[in-house]
Amino acid sequence: MGRIVITEFISLDGVVQAPGGEDFKYQNWSFDFDSGDEGEQFKVDEALAGEALLLGRVTYDGFASAWPQEGGVLADKLNTMRKYVVSSTLTDPTWANTQVISGDVATEVARLKDEVDGELQVAGSIRLAQELLEHDLVDELHLMTYPVLLGYGRRLFGETTDRTRWRLTESRTVGEGVLITLFERDRA
């Protein structure tokens, strides 16, 4: 059985929009801070632990245009692993090993959790992450919180129809005050 892991770069005020790209008022805002070697290694280790990527269309398009041209351990992992992209318009994905999910997202992702052994990692993909949280399909949250208040932008956490409990499993500070926190869904 698979686990859904949402991984995000996030500001102190919860903004996850465009930390490393996209047209946005504070485009690439996470690059203003050095997460140090330990922060960089965390992201590599995290990606290497993934069995598959589960992405929304905007994040998928950004990754698919960047990673195939890159080299190294991280690029090799991302380019060869299975990828699932949620989209109602994409029909012929060009990034290797990509499958389109176009039906009911909650139903399709619940099916994927049954079929995939290991982590299904959701990076970026704000709308998808929010939908998965709403349907209580997320097993872990990996947040790299940057010491900045953006005051503007799309946030990860919006209103939900019910509350959920989470257990902190790890926290550490890396680089220039970037806080890494890992939470597991507490289903007790």
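Predicted model only: the values in this text are computed from it and were never measured. Counting restarts for each chain, with residues numbered from 1 along the sequence as it is written. For this predicted model, a pLDDT threshold of at least 70 governs which residues receive local features, and a threshold of 80 or more governs which side-chain atom pairs are given and counted, while totals over whole chains, interfaces and linings are taken from all residues. Hydrogens and water are ignored here; the side-chain numbers use all heavy atoms of the structure.

1. Some thoughts on the pattern of salt bridges
Two side chains carrying opposite charge are able to pair once their charged atoms lie near each other.
So, step 1. Any carboxyl oxygen of Asp or Glu that lies within 4 Å of a side-chain nitrogen of Lys or Arg is treated as forming a salt bridge with it. With the rule as written, the count across this model stands at 17 salt bridges.
So, step 2. The partner of arginine 3 in a salt bridge is glutamate 140, with the nearest N and O atoms 2.9 Å apart. With a gap of 137 residues between them, arginine 3 in strand 1 (residues 2-11) and glutamate 140 in strand 6 (residues 140-146) connect regions that are remote in the sequence.
So, step 3. Here the term buried applies to any residue with accessible area under 20% of the maximum for its type, exposed to any over 50%, and partly exposed to those in between, with areas from a 1.4 Å probe on protein chains only. A relative accessible area of 33% means that arginine 3 is categorised as partly exposed.
So, step 4. One salt bridge in this structure joins aspartate 13 and arginine 155, with 3.5 Å as the shortest N-O distance. What counts as a helix is a DSSP run of H or I of at least four residues, what counts as a strand is a run of E of at least two, and both are numbered from the N terminus.

2. A short note on the packing of aromatic side chains
So, step 1. The aromatic pairing rule takes the rings of Phe, Tyr and Trp, using the six-membered ring of Trp, and pairs them if the centres are within 6.5 Å, calling planes under 30 degrees apart stacked, those over 60 edge-to-face and the rest tilted. Tallied over the full model, the rule gives six aromatic pairs.
So, step 2. Taken together, a centroid distance of 6.1 Å and an interplanar angle of 75° make the contact between phenylalanine 24 and tyrosine 26 edge-to-face.
So, step 3. With relative accessibility at 8%, the residue phenylalanine 24 sits in the buried group.
So, step 4. You can call tyrosine 26 partly exposed: its relative accessible area is 31%.
So, step 5. Taking the centre distance of 5.7 Å and the plane angle of 90° together, the rings of tryptophan 29 and tyrosine 146 count as edge-to-face. With tryptophan 29 in the loop between strand 1 and helix 1 (36-48) and tyrosine 146 in strand 6, this residue pair connects regions lying 117 residues apart in the sequence. The exposure classification of tryptophan 29 matches that of tyrosine 146, with both residues buried.
So, step 6. Here the aromatic cluster, defined as three or more aromatic residues joined through ring pairs, consists of Phe9, Trp29, Phe33 and Tyr146.
So, step 7. Geometrically, a charge over a ring is one whose NZ (Lys) or CZ (Arg) sits within 6 Å of the ring centre while staying within 35 degrees of the ring normal. When the ring centre of phenylalanine 9 is taken as reference, the NZ or CZ atom of lysine 43 above it lies at 5.0 Å.

3. Quick word on the pairing of strand 7 (residues 166-174)
So, step 1. Following DSSP output, two strands are said to pair if at least two bridges run between them. The pairing of strand 7 with strand 8 (residues 178-185) spans eight bridges and is classified as antiparallel. Of the residues in strand 8, the one forming a bridge with leucine 168 is phenylalanine 183.
So, step 2. Between strand 7 and strand 8, which pair antiparallel in sequence order, lie three residues; one of them, glycine 175, sits at a positive phi of approximately 55°.

4. Observations regarding the packing of helix 1 against helix 3 (residues 73-80)
So, step 1. Between helix 1 and helix 3, whose axes approach to 10 Å, the crossing angle comes to 30°. Here helix 3 runs roughly parallel to helix 1, going by the angle between their axes. With respect to the hand of their crossing, helix 1 and helix 3 are arranged in left-handed fashion. Here Val44, Ala47 and Leu48 of helix 1 lie close against helix 3, whose contacting residues are Val73, Leu74 and Lys77. Only the contacting stretch of a helix is used when fitting its axis, a line to C-alpha atoms as for every element, and angles between N-to-C directions run 0 to 180 degrees. Oblique is the label for any angle not covered by the other classes, which are roughly parallel (under 35 degrees), roughly antiparallel (over 145) and roughly perpendicular (65 to 115). Handedness of a helix crossing follows the sense of rotation of the near helix relative to the far helix, less than a right angle counterclockwise being left-handed and clockwise being right-handed. Whether two residues touch is decided by their heavy atoms; if any such pair falls within 4.5 Å, the residues are in contact.

5. Quick notes on the UniProt feature "domain: Bacterial bifunctional deaminase-reductase C-terminal" (unreviewed entry) in the protein
So, step 1. UniProt records the feature "domain: Bacterial bifunctional deaminase-reductase C-terminal" (unreviewed entry) for residues 4-179 in the present numbering.
So, step 2. Summarising residues 4-179: 29% helix, 27% strand, and an end-to-end C-alpha distance of 21 Å. UniProt positions are given in the numbering used here, feature names are shortened, and annotations may be inferred rather than shown by experiment.

6. Some details on the sheet that holds strand 7
So, step 1. Strand order in the open sheet formed by eight strands is 4-3-2-5-1-6-8-7, and the pairing between neighbours is mixed. Pairing within the sheet leaves two strands with one partner each, and these edge strands are strand 4 (98-101) and strand 7. The mean angle between the axes of side-by-side strands here comes to 20°, regardless of whether they run parallel or antiparallel.
So, step 2. Note that strand 2 (residues 50-56) and strand 5 (residues 118-123) share three bridges and pair parallel. Looking across to strand 5, one finds that alanine 52 is bridged to leucine 120.
So, step 3. Helix 2 (residues 57-66) contacts strand 2, strand 3 (82-86), strand 4 and strand 5 of the sheet and is inclined by roughly 120° relative to strand 2.

7. Focus: the environment of serine 102
So, step 1. You can see serine 102 is positioned in the loop between strand 4 and helix 4 (105-115).
So, step 2. Taking the C-alpha atoms as reference points, serine 102 and serine 88, separated by 14 residues in sequence, lie 5.0 Å from one another.

8. A few points about the side chain of asparagine 79
So, step 1. Along the chain, the position of asparagine 79 falls in helix 3.
So, step 2. Within the structure, the side chain of asparagine 79 is placed 2.8 Å from the side chain of tryptophan 95, a separation counted as a polar contact.
So, step 3. The contacts of asparagine 79, once residues within four sequence positions are left out, are Trp67, Pro68, Glu70, Trp95, Ala96 and Asn97. Any N or O atom pair separated by 3.5 Å or less is treated as a polar contact, with the protein-specific requirement of one donor-capable and one acceptor-capable atom, and with residues adjacent in sequence counted only for side-chain atom pairs.

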